[in-house]
Amino acid sequence: MRLTDPEALRRCSLFAGLADENLKQLARESRVAEFARGQLVFQRGDPAICIFLVLDGWLTVYRDTPTGDRTVLLMCCEGETVAEAAALNFGRFPASAEAATDCRVLQIPSNSFSDMIRRDPDSALRVIGGLSARLHLLVGELEQLHVKGASQRVGCFLMELLPNGAGSSATVQLPFDKSLVAARLAMTPESLSRALAKLKEVGVEATRGPDVYIGDVPSLRDHCAME
């Protein structure tokens with residue numbers, strides 16, 4: 001485990017309120033795993049023996065349909081956890097996950113987490129607070145998907161990729177395939193292409209590759225804020 005990984009627990013909303021002693025113990029009992037792009041992380045129906053905290057890269061959480069199609073449920077990035085509820089209930093994973101990019105995750109054993117909660121009831125309240133914060137964030141994202149138009153959703157996604165201190169123009173790189181970007185934003189690849197074409201009006205230029213040039217960051221920000 002890298003020295004920074006225990007701090008990754010503290011930065012995650014699920015664990016943010018835990019005492020230092022509990023954080024250090026969870027870090028000691030967890031292990032870091034690396035997955036190549038496209039590699040299966042866990043499969044639906046497998047025992048949920050751990051919680052996954054993304055340290056680097058992106059995970060796709062999905063379910064296969066009876067017709068063989070794939071429905072993307074979540075795209076999880078650095079600092080986000082996966083399978084908390086299933087692990088806490090010692091149940092089975094209700095969906096599958098694979099690496100959308102090369103990624104590194106911290107695998108936190110379910111029994112270590114539940115033992116900590118039983119041993120320190122105050123930590124249970126803090127975990128509930130962390131779960132509540134995560135739920136609030138997910139509700140906000142869901143609301144945005146229903147309220148904002150396609151080009152605004154894409155614009156907001158691009159704004160999230162801007163580096164700190166970006167100026168009036170910048171080039172960002174899509175972290176995964178455009179088909180997954182479309183799935184994350186609840187649209188089809190064709191709708192994503194049309195949205196990117198519309199964003200040319202505010203200075204956005206997409207390439208055939210992962211790079212997207214934002215020629216006028218303030219204009220894109222204003223477009224995303226439109227009612």
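Each chain carries its own residue numbering, running from 1 in the written order of its sequence. Totals for whole chains, interfaces and linings use every residue, but because this is a predicted model, local features are given only for residues with pLDDT of at least 70 and side-chain atom pairs only at 80 or more, for both listing and counting. To get the side-chain values, take all heavy atoms of the structure and skip hydrogens and water.

Trainee: Run through the overall build of the protein, naming residues and quoting values.
Mentor: Note on conventions: DSSP H or I runs of at least 4 residues are helices, E runs of at least 2 residues are strands, and numbering of each starts at the N terminus. In terms of helices and strands, the protein carries nine helices and eleven strands. The C-alpha radius of gyration of the protein comes to 19 Å, within 12% of the 17 Å expected for a compact globule of 227 residues. In terms of overall dimensions, the protein has a C-alpha envelope of 55 × 45 × 30 Å along the principal axes. When burial is assessed residue by residue, the protein has 42% of its 227 residues classed as buried. Contact definition: two residues touch when any of their heavy atoms are within 4.5 Å. In the protein, once contacts between residues fewer than 6 apart in sequence are set aside, the share between residues at least 24 apart is 73%. Entry remark: accessible area of the protein is about 12200 Å², with carbon and sulfur atoms responsible for 52%. In summary, the charge assignment counts Lys and Arg as positive and Asp and Glu as negative, without counting His or the chain termini. By convention, the point assigned to a charge is CZ for Arg, NZ for Lys, CD for Glu and CG for Asp. Averaging the positions of the 25 positive and the 29 negative side-chain charges in the protein gives two centres separated by 2 Å. Our radius of gyration is a C-alpha quantity, and the globule rule it is checked against amounts to 2.2 Å times the number of residues to the power 0.38. Under the scheme applied here, a residue whose accessible area is under 20% of the maximum for its type counts as buried, over 50% as exposed, and between as partly exposed, the area being computed with a 1.4 Å probe on protein chains only. Residue-level accessible areas treat just the shown protein chains as cover; the underlying method is Shrake-Rupley with a 1.4 Å probe.

Trainee: Mind laying out empty space enclosed by the protein, listing which residues take part and the relevant values?
Mentor: Grid points spaced at 1 Å and placed over the protein atoms alone form the basis of the search, with a cavity being a set where a 1.4 Å probe fits but cannot get out and a pocket an open set showing protein on both sides within 12 Å along at least five of seven lines. Lining residues have an atom within 4 Å of a point. Grid points are joined across faces, edges and corners, and a volume is the space filled by probe spheres set on the points. Scanning all chains against the criterion turns up one cavity of 30 Å³ or more. Put simply, the largest cavity is a space of about 40 Å³. Residue lining of the largest cavity: V154, F157, L158, L174, V181, L192, L196 and V212, and that is the complete set. Mapped onto the lining of the largest cavity, the elements with two or more residues apiece are helix 6 (150–161) and helix 8 (189–198). If one sorts the elements of the lining of the largest cavity by residue count, helix 6 sits on top with three residues. Of the residues belonging to the lining of the largest cavity, the class tally is eight nonpolar, no polar and no charged. Each residue gets one label: Ala, Val, Leu, Ile, Met, Phe, Trp, Tyr, Cys and Pro are nonpolar, Asp, Glu, Lys and Arg are charged, and the others, such as Gly, are polar.

Trainee: Pulling in residues and values, what's your account of the pattern of salt bridges?
Mentor: One speaks of a salt bridge when a side-chain nitrogen belonging to Lys or Arg is within 4 Å of a carboxyl oxygen belonging to Asp or Glu. A full pass over the atoms with the stated rule returns eight salt bridges. Of the charged contacts, one joins R70 and E98 as a salt bridge, the two residues approaching to 3.3 Å between their closest N and O atoms. Of the two residues, R70 is situated in strand 5 (residues 70–76) and E98 in strand 7 (residues 96–99); the sequence distance between them amounts to 28 residues. The exposure class assigned to R70 is partly exposed, which follows from its relative accessible area of 41%. One salt-bridge network, held together by shared partners, links D64, R70 and E98.

Trainee: Explain the side chain of E84 to me, using residue names and the numbers behind them.
Mentor: The topology assignment puts E84 in helix 3 (residues 84–88). Counting of polar contacts relies on pairs of N or O atoms within 3.5 Å, with two restrictions inside protein: one atom must be capable of donating a hydrogen and the other of accepting it, and residues adjacent in sequence are counted only when both atoms are side-chain atoms. Side-chain polar atoms of E84 contact the side chain of T81, separated by 2.5 Å. In contact with E84, not counting residues within four places along its chain, are L14, I51, L131 and R134.

Trainee: Tell me about the packing of aromatic side chains, and please be specific about residues and values.
Mentor: Working definition: a ring pair exists when centres of Phe, Tyr or Trp rings (six-membered ring for Trp) sit within 6.5 Å. Plane angles under 30 degrees give stacked, over 60 give edge-to-face, the rest tilted. On inspection of all chains with the given rule, the structure shows six aromatic pairs. Measuring from centroid to centroid gives 5.5 Å for F15 and F113, while their planes differ by 80°, and the two rings are edge-to-face. Here F15 is found in the loop between helix 1 (5–11) and helix 2 (20–29), whereas its partner F113 is found in helix 4 (residues 110–119), with 98 residues between them in sequence. Its relative accessible area of 1% is what places F113 among the buried residues. A ring pair is formed by F42 and F93, whose centres lie 4.1 Å apart and whose planes are at 25°; its orientation type is stacked. Of the two residues, F42 sits in strand 2 (residues 40–42) while F93 sits in the loop between helix 3 and strand 7, which places them 51 residues apart along the sequence. A residue is classified by how much of its surface remains accessible, and F93, at 4% relative accessible area, is buried. Aromatic rings pair up to connect F42, F52 and F93 into one cluster. The criterion is that NZ of a Lys, or CZ of an Arg, lies within 6 Å of the ring centre and within 35 degrees of the ring normal, and then a charge sits over that ring. Of note, R70 hangs over the ring of Y62, and the distance from its end group to the ring centre comes to 3.6 Å.

Trainee: Account for the sheet that holds strand 5, naming residues and giving values.
Mentor: For two strands to count as paired, DSSP must find a minimum of two bridges between them. Strands sit in the order 2-7-4-5 across an open sheet of four strands; the sheet is antiparallel. On the outer flanks of this sheet lie strand 2 and strand 5, each paired with one strand and no other. Across the sheet, the mean angle from the axis of one strand to that of its neighbour is 35°, orientation sign disregarded. Sheet topology places strand 2 next to strand 7; two bridges connect them, and they run antiparallel. Looking at the pairing, F42 lines up with A97 of strand 7. Note on definitions: angles span 0 to 180 degrees between N-to-C directions of axes, and those axes are lines fitted to C-alpha atoms, for helices only across the stretch in contact.

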